[in-house]
Amino acid sequence: MALKSLARGDVRVLLLTVSMLILVYINLVFTPSLLVGAVEKVNEKTRNTLSADIAIHSDNFPVIVKAEEMVAAIDQIDGVAAACARTSLGSEIHHGDDRVTAALYVIDPDQDSRVFEISQYLIEGKYLEPGDRNKVLLGAQIAGADRTDLELYSSSLMTVHAGDNVTIYTANGSMEFEVKGIFYTEFAQSDIRAYITQTQYNTMIPAMQDTATSIYVKLNRGADRDSVINTTQQLGLVFFRQPLKFQTWEDALGVLKSMTKSFDQIIVILRTTALIVAAITIFIVTYVDLVNKRRQIGIERAIGITSASIVASYVIRAVIYAAFGILAAALIFRYVVVPIEAEHPFHFPFGDIMLAVDVSTLVSSAFILCGVAVVSAFIPAYQTVRTKIIDAIWST
């Protein structure tokens, strides 16, 4: 009955219904994929430019002592890809009449670049080298670099470029530095930082050699983070006599965590709206067909066709509509929409966003849409077969 109804039905109605379901399914997967891609980009930038997978601090001292030995020991832990030490200094950077407060980090450039990707985002000059003295690497949100479109341009040094000199004030006094390079990760939290070498820091404060305020750890894909943290804690207690505290990259998200949660809420709202549209579409198509065939349905029931069979035929027809729409939409999304978006990605404030294609999301969306189609066809069909046979036959 369902197949005959489709074969004898209006082809234009069939095409219009399937087209609507194609749009609904693409809407179900496109916007969530885009927002999931945005969340993944934020997470990626956080890990690769800001916090690594794990940040380690001393639990009861301002600094971690024997930092080099600690880094070497952590490097040997199963699941650890690389580790590096950093020392954080409060600073104020001056250039002419402009000044900006910034976090100044002391790094070993070779070691640091194994954990972080700052060196890959240079827009001017060169990255630091281990032996550099009186050289500083500035984030674009500090330097300004005449990029008036930067979010924090008005509070930056505005016109500083690679090769310019700046004066950096710390608790230990002031020094003039040459800007060796400027980086721009498009992640504001990372671009408000400045970096000098460990060699430079050792000449500034010799007494603080082989110390660090933090150690950052990059994990191998699939590594057991809790196991790495537990092993590192034992290292700190047994070999270095230092209790340690740990911060994961999720902890480092800060206000961005609220943003990513908002994205999740937006995804739920958009998916719900798309499903409502699908439900209304199937309901209207089924209802209009039932109204036009009310007398025919009454005759079918009179000659012995059960009400359950009639309802089932409309449910099956709705599932066929949904199946055609889902199959066509999935092919269009995978082989048309995704490649086009990859060639011309959406640009968010923190970088280009690629669609996150998740097979489980595609499958779950397909099942949900089929479920909506079943319910939307069942309700009007069930209400129709509840009409008395004589009333159905004599209806106009």
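Everything that follows concerns the structure shown earlier in this document.
Residues numbered from 1 in each chain as written. Predicted model: local features only at pLDDT ≥ 70, side-chain atom pairs only at ≥ 80, totals over all residues. Heavy atoms only, no water.

**Q** Looking at this structure, how should I read the pattern of salt bridges?
**A** Where charged atoms from two side chains of opposite charge approach closely, those side chains can pair. For the coordinates displayed, the defined rule picks out 7 salt bridges. Put simply, D75 and R114 hold a salt bridge, and the shortest N to O gap is 3.6 Å. With D75 in helix 3 (residues 67-75) and R114 in the loop between helix 4 (109-112) and strand 5 (122-125), this residue pair connects regions lying 39 residues apart in the sequence. Relative accessible area serves as the criterion here: at 41%, R114 is assigned to the partly exposed category. (Salt bridge = Lys/Arg side-chain N within 4 Å of Asp/Glu carboxyl O. Helix = DSSP H or I, 4+ residues; strand = E, 2+ residues; numbered from the N terminus. Buried < 20%, exposed > 50% of the residue type's maximum accessible area, 1.4 Å probe, protein only.)

**Q** Is there a simple way to explain the packing of aromatic side chains in this structure?
**A** Describing an aromatic ring pair means giving the distance of the ring centres and the angle of the ring planes. All chains considered together, the criterion is met by 4 aromatic pairs. Aromatic side chains F30 and F346 sit 6.1 Å apart centroid to centroid with 65° between the ring planes, which places their arrangement in the edge-to-face category. Remark: F346 occurs in strand 13 (residues 346-348) and F30 occurs in helix 2 (residues 11-51); sequence separation between them is 316 residues. Accessibility expressed as a relative area gives 36% for F346, which makes it partly exposed. Summarising the aromatic geometry, the rings of F116 and Y216 are spaced 5.4 Å apart at their centres and angled 70° between planes, so their arrangement reads as edge-to-face. Of this pair, F116 sits in the loop between helix 4 and strand 5 while Y216 sits in strand 11 (residues 214-219), and the two are 100 residues apart along the sequence. An identical accessibility class is assigned to F116 and Y216; each is buried. Members of the aromatic cluster, each reached through a chain of ring pairs, are Y105, F183 and Y195. For the cation-ring pair, R86 lies above Y105, with the distance from its terminal atom to the ring centre recorded as 5.5 Å. (Phe/Tyr/Trp six-rings, centres within 6.5 Å; stacked < 30°, edge-to-face > 60°. Lys NZ or Arg CZ within 6 Å of the ring centre and 35° of its normal.)

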